[in-house]
Amino acid sequence: MKTLNCAIVAVLKAIAVASLCGMSLLTVVDATGRYLFNHPIIGSVELVELMMIAVIFSSIPLMTRARGHITVDGFSHLFSARAVALQDRFGALLATVVSGFLAWVTWGKAA
């Protein structure tokens, strides 16, 4: 299971890095073509949008796994450890539902 977890993390990191590099390269080439040669890349805005979605979808699970999201502990000291754990699970479930919805919308846009 640990090997599978490491493989998933490596794939998600690779997707994020490739998408960020692709966005940068596409933006530079598009801007160069647009302003120097008067010939922009057709569909570059849409491609950058889809790569941005890839960055977001690959980064959310990585941040959730690393517990790197911003949290506010205003009331957590009032609850038991079990209630805080339940709250964490609810947050993970909510993030999964939102990510699923975004994936559905993105799939429709990509089609």
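Residues numbered from 1 in each chain as written. Predicted model: local features only at pLDDT ≥ 70, side-chain atom pairs only at ≥ 80, totals over all residues. Heavy atoms only, no water.

### Concerning the pattern of salt bridges
Applying the stated criterion across every chain yields a total of one salt bridge. The partner of Arg-34 in a salt bridge is Asp-30, and the shortest N-O contact between them spans 3.0 Å. Pair noted here: Arg-34 and Asp-30 are both in helix H1 (residues 2-36), with a separation of four residues, about one helical turn. Given the relative accessible area of 35%, Arg-34 is considered partly exposed. (Salt bridge = Lys/Arg side-chain N within 4 Å of Asp/Glu carboxyl O. Helix = DSSP H or I, 4+ residues; strand = E, 2+ residues; numbered from the N terminus. Buried < 20%, exposed > 50% of the residue type's maximum accessible area, 1.4 Å probe, protein only.)

### Some points on the side chain of Ser-58
The topology assignment puts Ser-58 in helix H2 (residues 44-66). On the basis of relative accessibility, which here comes to 1%, the residue Ser-58 falls in the buried class. A polar atom in the side chain of Ser-58 sits 2.9 Å from the backbone oxygen of Ala-54. Within the structure, the side chain of Ser-58 is placed 3.1 Å from the backbone oxygen of Val-55, a separation counted as a polar contact. When near neighbours in sequence (up to four residues on either side) are disregarded, Ser-58 contacts Leu-12, Ile-15 and Ala-16. (Polar contact = N/O pair within 3.5 Å; in protein donor to acceptor, adjacent residues only side chain to side chain. Contact = heavy atoms within 4.5 Å.)

### Comments concerning the layout of surface pockets
Each pocket or cavity is described by its volume, and for the largest pocket that value is around 590 Å³. Around the largest pocket sit 17 residues that line it, and Arg-67, Thr-71, Gln-87, Asp-88 and Gly-91 are the ones nearest its centre. Top contributing element to the lining of the largest pocket by residue count: helix H3 (residues 81-110), with six residues. Among the residues making up the lining of the largest pocket, the classes are represented as seven nonpolar, seven polar and three charged. (1 Å grid on protein atoms, 1.4 Å probe; cavity = no way out; pocket = protein on both sides within 12 Å on 5 of 7 lines; lining within 4 Å. Points joined across faces, edges and corners; volume = space filled by probe spheres on them. Nonpolar A, V, L, I, M, F, W, Y, C, P; charged D, E, K, R; others polar.)

### Observations concerning the packing of H2 against H3
The N-to-C vectors of H2 and H3 enclose an angle of 160°; their axes lie 12 Å apart at closest approach. Looking at the two axes, H2 sits roughly antiparallel to H3. At the point where H2 passes H3, the crossing takes the left-handed sense. Across the interface between the two elements, Glu-49, Leu-50, Ile-53, Phe-57 and Ile-60 from H2 touch Ser-99, Leu-102, Ala-103, Thr-106, Lys-109 and Ala-110 from H3. Along the lines of polarity and charge, the residues of the contact of H2 with H3 split into seven nonpolar, two polar and two charged. (Axes fitted to C-alpha atoms, helices over the stretch in contact; angles between N-to-C directions. Parallel < 35°, antiparallel > 145°, perpendicular 65-115°, else oblique. Left-handed = near helix turned anticlockwise from the far one by under 90°.)

### Digging into the nonpolar core
By size, the foremost hydrophobic cluster in this structure holds five residues: Met-23, Leu-26, Val-48, Met-51 and Val-55. Broken down by secondary-structure element, the contributors of at least two residues to this core are H1 and H2. The dominant element in this core, judged by the number of residues it contributes, is H2, at three residues. The contact partners of Met-23, leaving out residues within four places of it in the chain, are Val-48, Met-51, Met-52 and Val-55. (Core = buried A, V, L, I, M, F, W, Y, C linked by side-chain atoms within 4.5 Å.)

By themselves, these are just geometric observations and shouldn't be taken as functional.
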